[in-house]
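# Tertiary structure, described
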Amino acid sequence: MEEYVITCTSVTDLNATILKERKIPYACFKMIANKTEYEDNFFDSYPYEKFYDDIAAGMMPTTSQVGRFGCLELFEPILKEGKDVLHITLSSGISGDYSGAKAVAEELNESYPNKVTVIDSLGASSGYGMLVMLAKDNQEKGMSLEDNVSWLMENRLRIHHWFISTDLTSFIRGGRLSKAAGFFGSALKICPLMNMPEDGTLDVFEKIRTKRKAIRGLLAKMEEHAENGKEYDGPVYISQSRMEEDSEFLKQTILETFPRVREVRIFPIGTTIGAHTGPGTIALFFKGTIRQ
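Let us look at the structure shown here.

Criteria and cut-off values
Residues numbered from 1 in each chain as written. Predicted model: local features only at pLDDT ≥ 70, side-chain atom pairs only at ≥ 80, totals over all residues. Heavy atoms only, no water. Helix = DSSP H or I, 4+ residues; strand = E, 2+ residues; numbered from the N terminus. Buried < 20%, exposed > 50% of the residue type's maximum accessible area, 1.4 Å probe, protein only. Polar contact = N/O pair within 3.5 Å; in protein donor to acceptor, adjacent residues only side chain to side chain. Contact = heavy atoms within 4.5 Å. Salt bridge = Lys/Arg side-chain N within 4 Å of Asp/Glu carboxyl O. Pairing = 2+ DSSP bridges. Axes fitted to C-alpha atoms, helices over the stretch in contact; angles between N-to-C directions. Expected span 1.5 Å × (residues − 1). Bend = angle between axes of the 7 residues up to and from the residue. Left-handed = near helix turned anticlockwise from the far one by under 90°. Nonpolar A, V, L, I, M, F, W, Y, C, P; charged D, E, K, R; others polar. Phe/Tyr/Trp six-rings, centres within 6.5 Å; stacked < 30°, edge-to-face > 60°.

## Some thoughts on the side chain of Ser126
Topologically, Ser126 is positioned in helix α5 (residues 125-140). Look at Ser126 and you get buried, because its relative accessible area is 0%. Within the local environment of Ser126, its side chain forms a polar contact with the backbone oxygen of Asp13, the two atoms lying 2.9 Å apart. Once you skip the residues sitting within four places of it in the chain, Ser126 turns out to touch Thr12, Asp13, Tyr237, Ser239, Phe267 and Phe285.

This is the structure we're talking about:
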């Protein structure tokens with residue numbers, strides 16, 4: 001097997017155990033709350049329930065990227081071992097993570113014979129994580145770095161990202177919704193159905209009344225776009241923020257609708273994404289048609 005190491009950041013919203021078992025080193029984003037900086041390290045620094053309870057109580061966290069020093073800490077030990085790096089970043093459509101990592105890679109590539117290749121996932125949360133896991137699968141099957149890079153570029157837009165939010169508070173606080181729109185949306189029990197199009201940004205695709213209809217809307221998008229339709233047998237990830245019961249409902253509905261799906265994995269939305277969405281979010285990720 002070619003000697004290269006796949007790396008990522010904690011915004012894959014998987015968990016530390018999975019990344020350790022798959023031998024995928026990662027760097028952590030940061031979350032700043034109450035003038036204190038915490039690593040976005042799968043809730044090791046800031047417990048899951050406390051984080052979302054504090055946001056519901058009015059906390060307004062901010063986030064920061066891995067940064068130059070974090071990238072150097074991640075990449076240099078691997079290069080010093082004589083191995084190449086294939087680093088996959090959070091979408092450039094919502095973060096400067098890609099451009100920052102790219103700049104550090106260019107700097108290091110002038111100093112080491114082994115190289116760092118940086119790929120923009122054009123994804124977020126566990127959809128970004130799914131792409132990392134698929135790249136690792138490729139590597140374990142013997143795929144070269146060059147071929148894996150080509151595969152990622154050809155397939156990254158096949159990872160569908162569909163989100164709903166039942167709590168618009170964080171969207172209002174962050175300026176993504178006006179107070180008036182947020183007030184009427186909450187009063188009418190509007191749950192926006194959002195997606196991540198080909199540029200890796202976030203778009204409101206549809207406004208749906210009531211949570212249960214919005215969850216059904218997620219399922220409908222999977223029926224519409226999943227690879228091979230209801231014969232889909234690929235990975236399915238759900239990420240959620242204080243929506244445990246609803247996520248389980250969605251999981252069971254998917255397993256009933258797609259009989260060849262063997263497993264649906266549910267992950268908590270980490271502090272980086274969660275700082276912007278708040279509690280009340282469910283996201284669904286699967287392989288499918290090219291995102292538009």
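Now, onward.
## Some details on the pattern of salt bridges
Considering all chains together, one arrives at 15 salt bridges under this definition. The salt bridge involving Glu140 is made with Arg22; its shortest N-O contact spans 3.2 Å. Of this pair, Glu140 sits in helix α5 while Arg22 sits in the loop between α1 (16-21) and β2 (26-27), and the two are 118 residues apart along the sequence. Classification of Arg22 as buried rests on a relative accessible area of 19%. Several salt bridges converge on common partners, so that one network encompasses Glu3, Glu81 and Lys83.

## Remarks on the sheet that holds strand β6 (residues 84-89)
Spatially, β2-β1-β6-β7 is the arrangement adopted by the four strands of the open sheet, whose pairing is parallel. Since the sheet does not close on itself, it has two edges, and those belong to β2 and β7 (116-120), each with one partner. Bridge count for strand β1 (residues 4-9) against β6 is four bridges, and the pairing is parallel. Looking across to β6, one finds that Thr7 is bridged to His87. Helix α3 (residues 67-80) contacts β1, β2, β6 and β7 of the sheet and is inclined by roughly 150° relative to β6.

## Overview of the sheet that holds strand β3 (residues 30-33)
Taken in spatial order, the three strands line up as β4-β3-β5 in an open sheet, and their pairing is antiparallel. Both edges of this open sheet fall to β4 (36-39) and β5 (62-64), since each of them pairs with a single strand only. In this sheet, neighbouring strand axes are inclined to one another by 30° on average, regardless of whether the strands run parallel or antiparallel.

## Observations regarding helix α9 (residues 211-225)
The terminal C-alpha atoms of α9, which comprises 15 residues, lie 21 Å apart, in line with the 21 Å expected from a rise of 1.5 Å per residue. Those residues of α9 that are buried are in contact with β8 (159-165), β9 (190-195), β10 (203-209), β11 (236-241), α10 (244-257) and β13 (281-287).

## Notes on α3
Note: α-helices contain 3.6 residues per turn, so residues at a spacing of three or four share the same orientation. Spanning 14 residues, α3 covers 20 Å between terminal C-alpha atoms, matching the ideal 20 Å at 1.5 Å per step. The sharpest bend along α3 reaches about 25° and sits at Glu73, with the proline Pro77 one to four residues further on. Listed in full, the buried residues belonging to α3 are Gly70, Cys71, Leu72, Leu74, Phe75, Ile78 and Leu79. Where α3 is buried, its residues touch β1, β2, β6, α4 (97-109) and β7. Looking one or two places after α3, you find Gly82, whose phi comes out positive at around 85°.

## Structural notes on the pairing of β9
Most of β9 is tucked away: six of the six residues are buried. Burial of β9 is two-sided: the residues Ile190, Pro192 and Met194 facing one way and the residues Cys191, Leu193 and Asn195 facing the other way are all buried. Sheet topology places β8 next to β9; three bridges connect them, and they run antiparallel. Paired with Phe163 across the two strands is Met194, which belongs to β9. For β9 and β10, the ladder comprises six bridges, and the chain directions are antiparallel.

## Concerning the packing of α5 against helix α6 (residues 145-155)
The contact between α5 and α6 brings their axes to 10 Å, and the two run at 145°. The crossing of α5 and α6 is right-handed. From α5, Leu131, Leu134, Ala135, Asn138 and Gln139 reach across to α6, where they touch Asn148, Trp151 and Leu152. For the contact of α5 with α6, the per-class residue count stands at five nonpolar, three polar and no charged.

## Digging into the packing of aromatic side chains
This structure, assessed with the given rule, holds 10 aromatic pairs. Ring centres of Phe43 and Tyr52 lie 6.5 Å apart, and the angle between their planes is 50°; on these two criteria the pair is classed as tilted. Between Tyr46 and Phe51 the ring centres are 5.8 Å apart and the planes differ by 80°, which places this aromatic pair in the edge-to-face class. In this structure, Tyr46 and Phe51 share a single accessibility class: buried.

## Points about the environment of Asn109
Structurally, the position occupied by Asn109 is in helix α4. In this structure, the C-alpha to C-alpha distance between Asn109 and Leu79, residues 30 residues apart in sequence, is 9.4 Å. Beyond its immediate stretch of four places on either side in the chain, Asn109 contacts Asn114, Lys115 and Val116.

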